[in-house]
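# Examination of the molecular architecture
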Amino acid sequence: MTSVDTLHPRLPSPLQEVSDDRFTARGLRLLLKRDDLIHPELVGNKWRKLAPNLTAAGGRTVVTFGGAYSNHLRATAAAGRLLGLPTVGVVRGQELASRPLNPSLARCAADGMRLHFVDRSAYRRKSEPDTLTAVLRAAGAEGAYVVPEGGSNAEAVRGCRALGEELRGLADVAAVACGTGGTLAGLAAGLAPGQRAIGVPVLKGGFLTDEIRTLQRRAFGGPRGSWRLDERFHFGGYARVTGELAAFAEDFEHRHGIPVERLYVAKMLYGLVALAREGAFPRGTTLAAVVTGRPFP
Ligand SMILES: *Cc1c(COP(=O)(O)O)cnc(C)c1O
């Protein structure tokens, strides 16, 4: 019953070439890797990360963690409904318990996810074994299969390797937005020698390089692939969308007729345009921009 293949994912995801003068004028090709089309509800990299975890859960309740607008929580809740798996979402912010649910959490609840709100200090310590045990007990989720916040455990990172493998022979550089970095860690591992990946962190902090190394060590036993981060395009931090970024995203949507998710995908595309303008890529380079998701709602 937990076979994710019964959901008919569109894999490999489509690869779409677009004509954009900001690239073509510099002799660059731009391809969009449409992971946003993998599944209507279990969108994008969330599919690639969750699918192996849902299999590993083997029918047990799946419990995971997220903030009030988490794409990962919504994807987990949708997976639960589609596969008939009970899900529990541990949400950061005790105060949210006494307010009407925002649209993202309302969607989770409508998909059957049981929401359990915890205060911020407990949430921060949720990976410490004692805190985790206490949170699971309070949430009535003892014995459940635990997927970490953002979904990036070893299974998830190995699941994202297929994204890189699908791009073999088709692009020189793959660009992806990074939250936890799990998608980049897997993508880089799946690329062929000579291909490289660029990650655009959407959080401010500069801590992600070490975390991606750790994710690759846990998933593969050591470093894999050729990748680097460009830390300049977070626009102030997670969920910050400036007027300039919003205008960029709207313009991209008009040029190419695809919906541009603002928190991750827009920042990656903006970064890629900036890198092209700076002359970061030699003429003749083919770029693949991974469209990891789509706007909510
Ligand atoms: C979750 C998410 C990401 C970040 O993925 P990580 O593996 O955590 O780096 C990127 N893009 C979209 C649209 C997402 O929802």
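Below, the structure is looked at part by part. (Residues numbered from 1 in each chain as written. Predicted model: local features only at pLDDT ≥ 70, side-chain atom pairs only at ≥ 80, totals over all residues. Heavy atoms only, no water.)

In the vicinity of the ligand, 16 residues are found, and the nearest of them are Lys46, Lys49, Thr180, Thr183 and Thr292. One of the backbone N or O atoms of glycine 182 is found 3.4 Å from an oxygen atom in the ligand. Burial of the ligand by the protein chains amounts to 96% of its free accessible area of 380 Å². Breaking the shell around the ligand down by element, the ones donating at least two residues are helix H2 (45–57), strand S7 (173–178) and helix H8 (182–190). (Near = heavy atom within 4 Å. Polar contact = N/O pair within 3.5 Å; in protein donor to acceptor, adjacent residues only side chain to side chain. Areas by Shrake-Rupley, 256 points an atom, 1.4 Å probe, with all protein chains shown as cover. Helix = DSSP H or I, 4+ residues; strand = E, 2+ residues; numbered from the N terminus.)

Turning next to H2. With 13 residues, H2 should reach 18 Å at 1.5 Å per residue; the first-to-last C-alpha distance of 19 Å fits that figure. The sharpest bend along H2 reaches about 25 degrees and sits at alanine 51, with the proline proline 52 one to four residues further on. Of all the 13 residues making up H2, 10 are buried; the element is thus mostly covered by neighbouring parts of the structure. Among the residues of H2, those classed as buried are Asn45, Lys46, Trp47, Arg48, Lys49, Leu50, Ala51, Asn53, Leu54 and Ala57. Where the residues of H2 are buried, they touch strand S2 (29–33), strand S3 (62–66), helix H3 (71–83), strand S6 (145–146), helix H7 (154–166) and H8. A positive phi of about 55 degrees marks glycine 58, the residue just after H2. (Expected span 1.5 Å × (residues − 1). Bend = angle between axes of the 7 residues up to and from the residue. Buried < 20%, exposed > 50% of the residue type's maximum accessible area, 1.4 Å probe, protein only. Contact = heavy atoms within 4.5 Å.)

It is worth spelling out the environment of glutamate 231 at this point. For glutamate 231, the position within the fold is in the loop between strand S9 (227–229) and helix H10 (243–256). With relative accessibility at 28%, the residue glutamate 231 sits in the partly exposed group. Spatially, the C-alpha atom of glutamate 231 lies 6.9 Å from that of glycine 206, the residues being 25 residues apart in sequence.

For asparagine 53, the position within the fold is in helix H2. By relative accessible area, which is 1% here, asparagine 53 ends up buried. Sequence-distant contacts of asparagine 53, that is, excluding residues within four places in its chain, are made with Tyr145, Val147, Gly151, Asn153, Glu155 and Ala156.

On to the pattern of salt bridges. If you walk through the whole model with that rule in mind, you get 21 salt bridges. Between arginine 120 and glutamate 95 there is a salt bridge; the shortest N-O distance is 2.6 Å. A residue pair is termed long-range when its members are at least 10 positions apart, and arginine 120 in helix H5 (residues 120–124) and glutamate 95 in the loop between strand S4 (87–92) and helix H4 (103–110) qualify at 25 residues. When its relative accessible area of 40% is taken as the criterion, arginine 120 is described as partly exposed. (Salt bridge = Lys/Arg side-chain N within 4 Å of Asp/Glu carboxyl O.)

Quick look at the pairing of S3 now. Of all the 5 residues making up S3, 5 are buried; the element is thus mostly covered by neighbouring parts of the structure. Of the two faces of S3, both are covered, the one formed by Val62, Thr64 and Gly66 as well as the one formed by Val63 and Phe65. Note: S3 against S4, 5 bridges, orientation parallel. Bridged to valine 63 within S4 is valine 88. With respect to chirality, the unit in which S3 leads through H3 into the neighbouring parallel S4 is right-handed. Relative to S6, S3 runs parallel, the two being bridged by 2 bridges. Opposite valine 62, over in S6, you have tyrosine 145 as the bridge partner. (Pairing = 2+ DSSP bridges. Right-handed = clockwise from strand over helix to strand, strands pointing away.)

All right, on to the packing of aromatic side chains then. In the structure shown here, the tally under the stated rule is 5 aromatic pairs. Ring plane angle 35 degrees and centroid distance 6.3 Å describe the contact between phenylalanine 248 and phenylalanine 252, whose orientation is recorded as tilted. Here the residue phenylalanine 248 and the residue phenylalanine 252 both occupy positions in helix H10, the gap between them amounting to 4 residues, near one helical turn. By the burial criterion, phenylalanine 248 is buried, and phenylalanine 252 matches it. When the ring of phenylalanine 248 is compared with that of tyrosine 270, the centres are 5.2 Å apart and the planes differ by 70 degrees; the resulting orientation is edge-to-face. Of the two residues, phenylalanine 248 is situated in helix H10 and tyrosine 270 in helix H11 (residues 265–277); the sequence distance between them amounts to 22 residues. When sorted by exposure, phenylalanine 248 lands in the same class as tyrosine 270, which is buried. A cation sits over an aromatic face here: lysine 46 above tyrosine 264, 5.7 Å from the ring centre. Over the ring of phenylalanine 296 we find arginine 74; its NZ or CZ atom is 3.8 Å from the centre of that ring. (Phe/Tyr/Trp six-rings, centres within 6.5 Å; stacked < 30°, edge-to-face > 60°. Lys NZ or Arg CZ within 6 Å of the ring centre and 35° of its normal.)

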